[in-house]
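Summary of the model geometry
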Amino acid sequence: MIEAQTIRQHWEQIYQSKTPGDVSWTQESPEPSLSWIRTLPLDPKACIVDSGGGRSALAECLVEAGHTCIEVFDISMRAMAQAKSELRSPEAREAIQYRVCDVLQYTMERPIGLWHDRAVFHFLTDPAEVEGYVRNLQKMAPDYLLIGTFSTKGPEKCSGLPVRRYSPESLAALFREDYVLIQSDEPIHHTPSGGVQAFSFVLMRHRNLSV
Ligand SMILES: C[S@@+](CC[C@H](N)C(=O)[O-])C[C@H]1O[C@@H](n2cnc3c(N)ncnc32)[C@H](O)[C@@H]1O
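The structure displayed is predicted, hence computed values, not measured ones. (Residues numbered from 1 in each chain as written. Predicted model: local features only at pLDDT ≥ 70, side-chain atom pairs only at ≥ 80, totals over all residues.)

1. Notes on the site of the ligand
To keep things clear, this is the line we draw: Any residue whose C-beta atom, as set from the backbone, lies within 6 Å of a molecule or strand is reported as near that molecule or strand. Residues are grouped as follows: Ala, Val, Leu, Ile, Met, Phe, Trp, Tyr, Cys and Pro are nonpolar; Asp, Glu, Lys and Arg are charged; all remaining types, including Gly, are polar.
Within the structure, the ligand sits among 19 residues, and Trp11, Gly52, Gly54, Ser56 and Val103 are positioned closest to it. Classifying every residue of the shell around the ligand by side-chain character gives 10 nonpolar, 6 polar and 3 charged.

2. Some thoughts on the environment of Ile37
Our working definition: Under the DSSP-based scheme used, a helix requires at least four consecutive residues in state H or I and a strand at least two consecutive residues in state E, with every element numbered from the N terminus. Using C-beta atoms placed from the backbone, we call a residue buried if 20 or more other C-beta atoms fall within 10 Å of its own, exposed if 12 or fewer do, and partly exposed for counts in between.
Checked against the element boundaries, Ile37 lands in helix α2 (residues 33-38). With 22 C-beta atoms packed within 10 Å, Ile37 lands in the buried category. Each C-alpha atom of the pair Ile37 and Leu145 lies 9.9 Å from the other, and the pair is 108 residues apart in sequence.

3. Section: the confidence of the model for the protein
As a reminder of what qualifies: Values of pLDDT, the confidence the predictor places in each residue, fall between 0 and 100.
Across the protein, pLDDT averages 97, with 100% of residues at or above 70. Model confidence for the protein, summarised as mean pLDDT per element, is weakest for helix α1 (residues 4-17) at 94 and strongest for strand β4 (residues 114-118) at 99.

4. Describing the pairing of strand β1 (residues 48-51)
Along any regular strand the residues' side chains alternate between the sheet's two faces. The cut-off we apply is this: DSSP calls a pair of strands paired once it identifies at least 2 bridges connecting them. Viewed with both strands pointing away, a crossover whose connecting path from the first strand over the helix to the second turns clockwise is right-handed.
Side chains Ile48 and Asp50 project from β1 onto one buried face, and the interleaved Val49 and Ser51 project onto a second face that is buried too. Across 4 bridges, β1 lies against strand β2 (residues 70-74) in parallel orientation. Bridging from a neighbouring strand, Ile48 pairs with Ile70 of β2. Handedness of the crossover joining β1 and β2 through helix α3 (residues 58-64): right-handed. Here 4 bridges tie β1 to β4, and the two strands are oriented parallel to one another. Its bridge partner lying in β4, Ser51 is registered against Asp117.

5. With respect to the nonpolar core
Heads up, the condition is: When buried Ala, Val, Leu, Ile, Met, Phe, Trp, Tyr and Cys residues are joined through C-beta atoms within 7 Å, the set is termed a nonpolar core. We call two residues in contact when their backbone-placed C-beta atoms lie within 7 Å.
Ile70, Leu145 and Leu146 are the most contacted members of the largest nonpolar core, which has 46 residues in total. Setting aside its immediate chain neighbours within four residues, Leu145 contacts Trp115, Leu137, Phe175, Tyr179 and Met204.

6. So, the pairing of β4
In terms of residue burial, β4 counts as a mostly covered element, since 5 of its 5 residues are buried. Of the two faces of β4, the one carrying Leu114, His116 and Arg118 and the one carrying Trp115 and Asp117 are both buried. Two elements, β4 and strand β5 (residues 144-150), share 5 bridges in a ladder whose sense is parallel. By the bridge assignment, Leu114 is partnered in β5 with Tyr144. Between the parallel elements β4 and β5, the chain passes through helix α6 (residues 127-140) in a crossover that is right-handed.

7. Quick notes on unusual backbone geometry
The omega angle of the peptide bond from Glu31 to Pro32 is 5°, so this bond is cis rather than trans. Position of Pro32 among the secondary structure elements: in the loop between α1 and α2. With a phi close to 60°, Ala119 is a non-glycine residue in the positive phi region. Mapping Ala119 onto the fold places it in the loop between β4 and α6. Not every positive phi belongs to a glycine, and Ala141 is a case in point at roughly 45°. Under the C-beta neighbour-count criterion, Ala141 is labelled partly exposed, with 15 such atoms within 10 Å.

See below:
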């Protein structure tokens, strides 16, 4: 298991030295997340959490789609400062909160409508960390989960760090005690440098949520 302080330093260094065009995970449009979120019957005031959101455009796209309560958190202070400074609209500045936090330490007192995580959970390679993430979500019990990791056909490393890869089935299986699968896919991400990366995405609904 890599120490939290070492992980923090790694990511601070990345956000200090690289532009969005230099890193593999940058997306012009945050898909399939945005399209999938649009299909959900979420109250526009429901709280959406973007785990390890970095400089992703997702939060601002969600504000444009009418959402008014979004929290983006990330282990990197620099990433959160950059993301905040890049917001274009006053509505986004009003609706989006930024927090510096390790995903394994994250807590939220308010009910969460949607938990979104693209390419963060897969950095948890130790079984105890995976269990900690799953247990934390069981406690916070978001209404919906949307999680994307590298697929079993995807790279073995991301940003130089080892990752744990999942099929849509093995990813959904981790949460199925509390969540029902709505949708899954293995989309291909085209990196800014012209590479391809296979992802697994799952969208799940809490079993206690009436539909
Ligand atoms: C591959 S990037 C993905 C960023 C964003 N989710 C996206 O799709 O554009 C991984 C992000 O997770 C953050 N991160 C890595 N480990 C983390 C942890 N333990 N807790 C919170 N954030 C973490 C990094 O700082 C980075 O912003």
